[in-house]
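Notes for the structure review
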Amino acid sequence: QVQLVESGGGLVQAGDSLRLSCAASGRTRDYAMAWFRQAPGKEREFVAAVTRSGDNTDYTDSVKGRFTISRDNAKNTVYLQMNSLKSEDTAIYYCAAREYYVSKLEREYRYWGQGTQVTVSS
């Protein structure tokens, strides 16, 4: 079983950067990892995912070129570097883990963190 704890959220201005971290209690190398987000009044949506090795990543179109997902399996930590933030990036950001393969589907992730709030003012 894996426990996930996100950190790094906050209030920033449009154009600023933030780096989110997701610390896992177990061996993250056994899990594909992803970030999802949920904006007020909207459903939770996929943001980015990274394979177990870190060699491959995937992003939703709206963050491509601005966000970078990465992982450090030695530290059991996954990161989301967010640059050129926009007001529409405002959401609660969740870290998620699933065995073996990445997915863009929320229902396929077994483990979730509690979320960290990101607010971007325009």
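Reference entry: report on the structure contained in this document. Just so it is clear, the structure is predicted and the values come from calculations on it, not from any experiment.

With that out of the way, let us pick up the overall build of the protein chain. For the protein chain, the count of helices and strands is zero helices and 11 strands. Reading the helices (α) and strands (β) of the protein chain from amino to carboxyl end gives β-β-β-β-β-β-β-β-β-β-β. Here the C-alpha atoms of the protein chain give a radius of gyration of 13 Å, agreeing with the 14 Å that 2.2 N^0.38 yields for 122 residues. Judged by the C-alpha coordinates and their principal axes, the protein chain covers about 40 × 25 × 25 Å. Out of the 122 residues belonging to the protein chain, those deemed buried represent 47%. Within the protein chain, contacts between residues separated by at least 24 positions form 58% of all contacts whose residues are at least 6 apart in sequence. Of note, the protein chain has its 16 positive side-chain charges centred 3 Å away from the centre of its 14 negative side-chain charges.

Most often, soluble globular proteins keep nonpolar side chains buried together rather than apart. Counting residues in hydrophobic clusters, the biggest one holds 29 residues, and the most contacted among them are Leu4, Met33, Trp35, Leu80, Met82 and Tyr93. Broken down by secondary-structure element, the contributors of at least two residues to this core are β3 (18–24), β4 (31–38), β5 (45–50), β7 (67–72), β8 (77–82), β9 (91–99) and β11 (116–121). Discounting residues that sit within four places of it in the chain, Leu80 has contacts with Leu18, Arg19, Leu20, Trp35, Val47, Ala48, Phe67, Thr68, Ile69 and Tyr93. Grouped together as the second largest cluster of nonpolar side chains are six residues, Ala34, Phe36, Phe46 and Ala49 included.

Across the eight residues that make up β4, a large majority, seven, are buried. Of the pairings in the sheet, the one linking β4 to β9 comprises eight bridges and is antiparallel in character. By the bridge assignment for β9, Arg37 is matched with Tyr93. Pairing geometry for β4 and β5, over five bridges, is antiparallel. For Ala34, the partnering residue across the bridge sits in β5 and is Ala49.

Right, let's get into the state of the cysteines. For the structure shown, the criterion picks out one disulfide. Put simply, Cys22 and Cys95 are joined by a disulfide, and their sulfur atoms are 2.1 Å apart. Around the S-S axis, the bridge from Cys22 to Cys95 shows a dihedral of about -80 degrees and counts as left-handed. In this pair, Cys22 sits in strand β3 while Cys95 sits in strand β9, placing the two residues 73 residues apart along the sequence. For the pair Cys22 and Cys95, a shared accessibility class is recorded, and that class is buried.

Rules and cut-offs
Residue positions within a chain follow its written sequence, with the count starting from 1. Two thresholds apply to this predicted model, a pLDDT of at least 70 for residue-level local features and 80 or more for giving and counting side-chain atom pairs, whereas whole-chain, interface and lining totals are computed over all residues. Hydrogen atoms and water are omitted, and side-chain values are computed over all heavy atoms in the structure. To qualify as a helix, a DSSP run of H or I must reach at least 4 residues; to qualify as a strand, a run of E must reach at least 2; elements of each kind are numbered from the N terminus. Two things to know: the radius of gyration comes from C-alpha atoms, and the globule rule equals 2.2 Å times the number of residues to the power 0.38. Accessibility here uses a 1.4 Å probe with only protein chains present; expressed as a share of the type maximum, an area under 20% marks a residue as buried, one over 50% as exposed, and anything in between as partly exposed. A contact between two residues is defined here by any heavy atoms of the two lying within 4.5 Å. Neither His nor the chain ends is counted toward charge; the positive residues are Lys and Arg and the negative residues Asp and Glu. We put the charge of a Lys on NZ, of an Arg on CZ, of an Asp on CG and of a Glu on CD. Nine residue types can take part in a nonpolar core, namely buried Ala, Val, Leu, Ile, Met, Phe, Trp, Tyr and Cys, and a core is a set of them joined through side-chain atoms within 4.5 Å. Strands are treated as partners if at least two bridges between them are detected by DSSP. Two cysteine sulfur atoms form a disulfide, by the criterion used here, when they sit within 2.5 Å.

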